[in-house]
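In case you want the letters, here they are:
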Amino acid sequence: SNPGLRSRFNRHLRFDDYDTAQLVKIFQTFCRRADFRTTPEAEAQLAARFDVLCLMRDETFGNARTARNIFEAAISKQANRVVALTEITADALSRIEPADIPTEEELSLGVLEADLDLDLPNLLALDGYPVGLTIAPIMPVPACSDWKE
């Protein structure tokens, strides 16, 4: 927003971008901290999405922020999918499936910033949770040492 700001600093730090495997690991850390888990098929689809995003990356690419945004979009899609199930189990509530990973089209349409029409009050009412409860809080980016498999 201030083009002259960069010229005021004579030293710059450059951080390498994360690769696909690292972005998947960050996504998995968000899942683990929020008590979600991905199926192997969802993880493969997630890696394919990050492959595409890494190929298209420019100076505005968000790295871990992108992983968090995709995680939040996946949680929203998962909640919409789970609401339609006839039997909602603890396993279904904690599982991220391939259908929950945003598609390339959704990513190009900006689904990461958009509201996915999650009907939160009705979803939460299924198990009697208070309506003000948030499903997936925004979590800080984990330190590299926290990226455990």
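Residues numbered from 1 in each chain as written. Predicted model: local features only at pLDDT ≥ 70, side-chain atom pairs only at ≥ 80, totals over all residues. Heavy atoms only, no water.

Caption draft 1: Molecular detail of the overall build of the chain. Summing up its helical and strand segments, the chain has six helices and two strands in all. Tracing the chain from N to C terminus, the helices and strands come up as α-β-α-α-α-β-α-α. Split into buried and exposed, the 149 residues of the chain put 36% on the buried side. Within the chain, contacts between residues separated by at least 24 positions form 72% of all contacts whose residues are at least 6 apart in sequence. (Helix = DSSP H or I, 4+ residues; strand = E, 2+ residues; numbered from the N terminus. Buried < 20%, exposed > 50% of the residue type's maximum accessible area, 1.4 Å probe, protein only. Contact = heavy atoms within 4.5 Å.)

Caption draft 2: Spotlight on helix α1 (residues 20-33). In this model α1 runs 20 Å from its N-terminal to its C-terminal C-alpha over 14 residues, within 8% of the 20 Å that 1.5 Å per residue would give. Among the residues making up α1, those that are buried are Thr20, Leu23, Val24, Ile26, Phe27, Gln28, Thr29, Phe30 and Cys31. Against β1 (37-38), α2 (40-56), α3 (64-83) and β2 (95-96) lie the buried residues of α1. A distance of 3.2 Å separates the backbone nitrogen of Ala21 from a side-chain oxygen at the start of α1, and that oxygen is part of Asp19. Of the residues trailing α1, Asp35 is marked for its positive phi of about 65°. (Expected span 1.5 Å × (residues − 1). Polar contact = N/O pair within 3.5 Å; in protein donor to acceptor, adjacent residues only side chain to side chain.)

Caption draft 3: Quick look at the packing of aromatic side chains. Enumeration over the complete set of coordinates arrives at three aromatic pairs. Considering the side-chain rings of Phe36 and Phe71, the 6.3 Å spacing of their centres and the 80° angle between planes classify their relative orientation as edge-to-face. Of this pair, Phe36 sits in the loop between α1 and β1 while Phe71 sits in helix α3; the two residues are 35 residues apart in sequence, bridging distant segments of the chain. With a relative accessible area of 10%, Phe36 lands in the buried category. Grouped by ring-pair contacts, the aromatic residues Phe27, Phe30, Phe36 and Phe71 constitute a single cluster. (Phe/Tyr/Trp six-rings, centres within 6.5 Å; stacked < 30°, edge-to-face > 60°.)

Caption draft 4: Quick peek at the confidence of the model for the chain. Per-residue pLDDT for the chain has a mean of 76; in total, 71% of the residues score no lower than 70. Of the regions scoring below 50 in pLDDT, residues 112-144 engages in 51 contacts with residues more than four places distant in sequence or in other chains. (pLDDT = per-residue confidence, 0-100.)

Caption draft 5: Local environment of the nonpolar core. In terms of nonpolar packing, the biggest core is built from 23 residues, with Phe27, Phe50 and Phe71 touching the most fellow members. Residue assignment for this core shows that the elements contributing at least two residues are α1, α2 and α3. Every residue in contact with Phe50, bar those within four places of it in the chain, is listed here: Thr20, Leu23, Val24, Phe27, Thr66, Ala67 and Ile70. (Core = buried A, V, L, I, M, F, W, Y, C linked by side-chain atoms within 4.5 Å.)

Caption draft 6: The arrangement of the pattern of salt bridges in detail. Evaluated as defined, the whole model comprises nine salt bridges. Arg68 is the salt-bridge partner of Glu72, the closest N and O atoms lying 3.6 Å from each other. Placement of both Glu72 and Arg68 in helix α3 is noted, with a separation of four residues, approximately one turn of the helix. On the basis of relative accessibility, which here comes to 22%, the residue Glu72 falls in the partly exposed class. (Salt bridge = Lys/Arg side-chain N within 4 Å of Asp/Glu carboxyl O.)

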